[in-house]
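# Structure at a glance
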Amino acid sequence: VATWEETQEIIASHKGKIVVLDLWSNFCPPCLEELPRLVKIHEEYGKDVVCLSLNCNFSGDGSPEDEREAVLKVLTDIKAPFLSLISADKDTDLYTKIGIASIPVIQVYDRTGKLRKQFDNEKAEYGKDGFTYQKHIVPFVAELVKEAGNP
């Protein structure tokens, strides 16, 4: 369980690597459809890329820990081998901090820790079906890996 600020500290601790952060919820069908592809990025680019997930189920009722069982089920089902966090921030508060209306959101940070691209569909940039790992995120990550002179 981590706040947005703690999540940013975790990302910053991985300077020298590209970081892909997937913000998702058990209640978001597009999130659940795409989340397994984060595992594939981890498998393919694990030497250069750190994958993280931040679950955004917490609505402010109860505590974020109440979400643990449902979140673990999804992560176990997809065999997620990377650090996965549950947001301690209420979902709507988190969205305000990030400047979004809803998830899914994928953030990609470069090796210096700078946010290079936020994939969301706030401006319908990716059409009615939104962005996908295959069409949008994997090519962007591959480009960042190449930028550093790695194959």
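Refer to the structure printed above.
Quick summary incoming for the structure in this document.

This next bit is on the state of the cysteines. All chains considered together, the criterion is met by 1 disulfide. Paired through a disulfide, C28 and C31 show a sulfur-sulfur distance of 2.3 Å. As the torsion about the S-S bond is roughly 75°, the C28-C31 disulfide counts as right-handed. Residue classification places C31 among the buried positions, given a relative accessible area of 2%. For C51, which is in no disulfide, the shortest distance to another cysteine sulfur is to C31 and amounts to 16 Å.

Next up on the list: the pairing of strand β3 (residues 83-86). The pairing of strand β2 (residues 49-55) with β3 spans 4 bridges and is classified as parallel. In the strand pairing of β3, S53 is matched with S84. Regarding the hand of the β-α-β motif, the stretch spanning β2, helix α3 (residues 68-77) and β3 is right-handed.

Further remarks concern the pairing of strand β4 (residues 105-109). Along β4, 5 of the 5 residues are buried, which leaves the element largely enclosed by surrounding structure. Where burial is concerned, the two faces of β4 agree: the one with V105, Q107 and Y109 and the one with I106 and V108 are both buried. When strand β1 (residues 18-24) meets β4, the two strands line up antiparallel, connected through 5 bridges. Bridging from a neighbouring strand, V20 pairs with V108 of β4. Direction of pairing for β4 relative to strand β5 (residues 115-119): antiparallel, over a ladder of 4 bridges. For Y109, the partnering residue across the bridge sits in β5 and is L115. Hairpin connection between β4 and β5: a loop of 5 residues separates the two successive antiparallel strands, and G113 in this loop has a positive phi of roughly 95°.

Right, let's talk about unusual backbone geometry for a bit. The step from I103 to P104 runs through a cis peptide bond, and the omega angle for that step is 10°. With phi around 55°, K79 is a residue other than glycine that occupies positive phi space. Mapped onto the elements, K79 comes out in the loop between α3 and β3. Judged by its relative accessible area of 66%, K79 falls in the exposed class.

For the rest of this paragraph, the subject is helix α5 (residues 133-147). Every buried residue belonging to α5 is among Y133, I137, V141, A142, L144 and V145, and all of these are buried. Viewed along the axis of α5, the buried residues span an arc of 160°, placing them on a single side of the element. For α5, the exposed residues lying more than 90 degrees away from the buried face are K135, K146 and E147. On the buried face of α5, the contacting elements are β1, α2 (29-45), β2, β4 and β5.

Thresholds applied
Residues numbered from 1 in each chain as written. Predicted model: local features only at pLDDT ≥ 70, side-chain atom pairs only at ≥ 80, totals over all residues. Heavy atoms only, no water. Disulfide = S-S within 2.5 Å. Buried < 20%, exposed > 50% of the residue type's maximum accessible area, 1.4 Å probe, protein only. Pairing = 2+ DSSP bridges. Helix = DSSP H or I, 4+ residues; strand = E, 2+ residues; numbered from the N terminus. Right-handed = clockwise from strand over helix to strand, strands pointing away. Arc of directions from axis to C-beta. Contact = heavy atoms within 4.5 Å.

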